[in-house]
Every structure is written in structure tokens, then in C-alpha cells.
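Structural features, examined
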Amino acid sequence: MLIAGFPAGAWGTNCYLVAPSAGEECVIIDPGHQATQGVEETLRKHRLKPVAVVLTHGHIDHVASVVPVCGAHDVPAWIHPEDRYMMSDPEKALGRSIGMPLMGELTVGEPDDVRELTDGSRLKLAGMEFSVAHAPGHTKGSVTFQMPEAADIPSVFFSGDLLFAGSIGRTDLPGGSHAEILQSLARVCLPLDDSTVVLSGHGSQTTIGRERATNPYLREVAARRQGQAADPTAAPRRGM
């Protein structure tokens, strides 16, 4: 398995390219602000051919490079229907008025081929399988992607802005909900094995086991399930 990731743009959003190995087809996850150059360099370095772009949610820091990347390689973009409008109307997603400057000139809009994600679906792309889980809270249409464990390779969980190392996504933008993100953490993250590798939308790699033990938000939802008092500490929430 080849997973090549890099932080892109003003928000340091992690973009991932995933392939069975070098020299094969790949899937691009979250090509955000100023990610185009990094995508092209990574494709050349590992001799990869993209077959699809998949998006954890619609915020501009995760989708700003979708149009040029999809257009250059003639591939579809997959997004949850509740976040689809954000590709063409990023200001609305941020609670801003139409026409206000947003990080200079950005290419907004939809690529030619947009396909919609559904909860519980399994995407089979580039010889790999991604399980989709709808995980609202950061946005209404946030999703996660999980790749199954294989041989000696642990399961990999692309959490978007649901779960970070030590924190969770912010919920104060339009469509965000603290109650919903806690529900998503309980439903989507808690059942995962401790060995599951978490690759999030911002920040460093972690594991479910580490977050279960140390992340105050995941500890809170676990305690609620067990009828215990919630952890009084809380790390600052992240994401755009």
C-alpha cells in the first residue's frame, strides 16, 4: 500500500494520494487550497495515474483544487450531497457574503463529473475498497473513508475534520453542530480497532487507540456510553 500525503495551502490541509503501490492507479483525497502542484509532483514521483478524487467534506480548504485536478486528469469527484453546494458557493459555507474576497483568486465550482457519496457505501477504486461513513458535525455532509486491514497492514481511517490527534473539528461554522459531531465520534470512531491508523484533514498521524486513551472528546463520548462522568478537559477544536 502506498499513501503519500502532504499539507497544502494557507490552512495546512492534508491531501492524500492512495494506491496499491507505485506505478499504479490512485485515488486523491481532499485536494484543497494550493494543492495542485503537490498533487502533480506526487503523481510524477510515484508514477501514479488518478482515477478519482474523493472528498471528506466541502469546505474550501479541502476542495479548492478539485476543478483543476479533475480537469487535468479527466476523473470524477465524489462528495456527500449535503456538502455539494460548497464547491460552487464556498462563502455560504463559511457564513460570508457572496463576493467577499476569499484567499485571493480561487477556482471554485464543480468539475464536469460529480458523484454523490452515501452512508455505508463501499467505493471500489484503483483496486482498493473504501468504506464510507456519514459523519456530520463539522459540516452536514462530512464523511470518513476506511480501508480494511490487509495482511500485516492495519486498517487506515481517513477522518477528514471529524477527528484529529488530540482534538476534533470545529462546529461553529454554518452546518456545524457540537451535538452531532459527538454523535458521529461515538457511532463512527468508537467501534474502530485500537490499531486503526488515523489520517486526518489537519495535523499528524495518530491511532484510534491513542485517541481513545488521550483525546478528551473521544473520552467524553466513551464515558457517556458507559454512564460515567465526562472528562472535564477539552483541547481546542480545529479545522477551517
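What follows covers the pairing of strand E9 (residues 143–147). With four of five residues buried, E9 lies mostly within the body of the structure. In the sheet, strand E8 (residues 128–134) pairs with E9 via four bridges, with the strands oriented antiparallel. Each bridged residue has a counterpart across the sheet, and for histidine 134 the counterpart in E9 is valine 143.

This next bit is on the sheet that holds strand E3 (residues 25–29). Reading across from one edge, E1-E2-E3-E4-E5-E6 is the order of the six strands in this open sheet, with mixed pairing throughout. Of all strands in the sheet, those with a lone pairing partner are strand E1 (2–8) and strand E6 (114–116), marking the two edges. Within the sheet, the average angular offset between the axes of one strand and its neighbour, ignoring direction, is 25°. Relative to strand E4 (residues 49–54), E3 is paired through five bridges, and the arrangement is parallel. The residue of E4 that forms the bridge with isoleucine 29 is valine 54. Strands E1, strand E2 (13–19), E3 and E4 of the sheet are contacted by helix H1 (residues 36–46), whose axis makes an angle of about 155° with E1. Each of E3, E4 and strand E5 (77–79) touches helix H3 (residues 66–73); the most contacted strand, E4, lies at about 145° to it.

Here we come to the nonpolar core. Counting 27 residues, the largest nonpolar core has Leu17, Ile28, Val53 and Val66 as its most contacted members. The set of elements that each furnish at least two residues to this core consists of E1, E2, E3, H1, helix H2 (60–63), H3 and E5. Among the nonpolar cores identified, the runner-up in size contains 21 residues, and Tyr16, Ala126, Val143 and Phe158 belong to it.

Scoring rules and cut-offs
Residue numbers run consecutively from 1 along every chain, following the written order of its sequence. With the structure being a predicted model, the display of local features is reserved for residues of pLDDT at least 70 and the display and counting of side-chain atom pairs for 80 or more, all residues being used for whole-chain, interface and lining totals. Side-chain numbers here rest on the full set of heavy atoms in the structure, without hydrogens or water. Exposure categories follow from relative accessible area, calculated using a 1.4 Å probe and restricted to protein chains: below 20% of the type maximum is buried, above 50% is exposed, and the middle band is partly exposed. Segments assigned H or I by DSSP are reported as helices when at least four residues long, segments assigned E as strands when at least two residues long, and all are numbered from the N terminus. Whether two strands pair depends on DSSP finding at least two bridges between them. Each axis is a line fitted through C-alpha atoms, and for a helix only the stretch in contact is used; angles between axes span 0 to 180 degrees, taken between their N-to-C directions. Between two residues, a contact is recorded if the distance between any of their heavy atoms is within 4.5 Å. Here the nonpolar core consists of buried residues drawn from Ala, Val, Leu, Ile, Met, Phe, Trp, Tyr and Cys, with membership extended through side-chain atoms lying within 4.5 Å.

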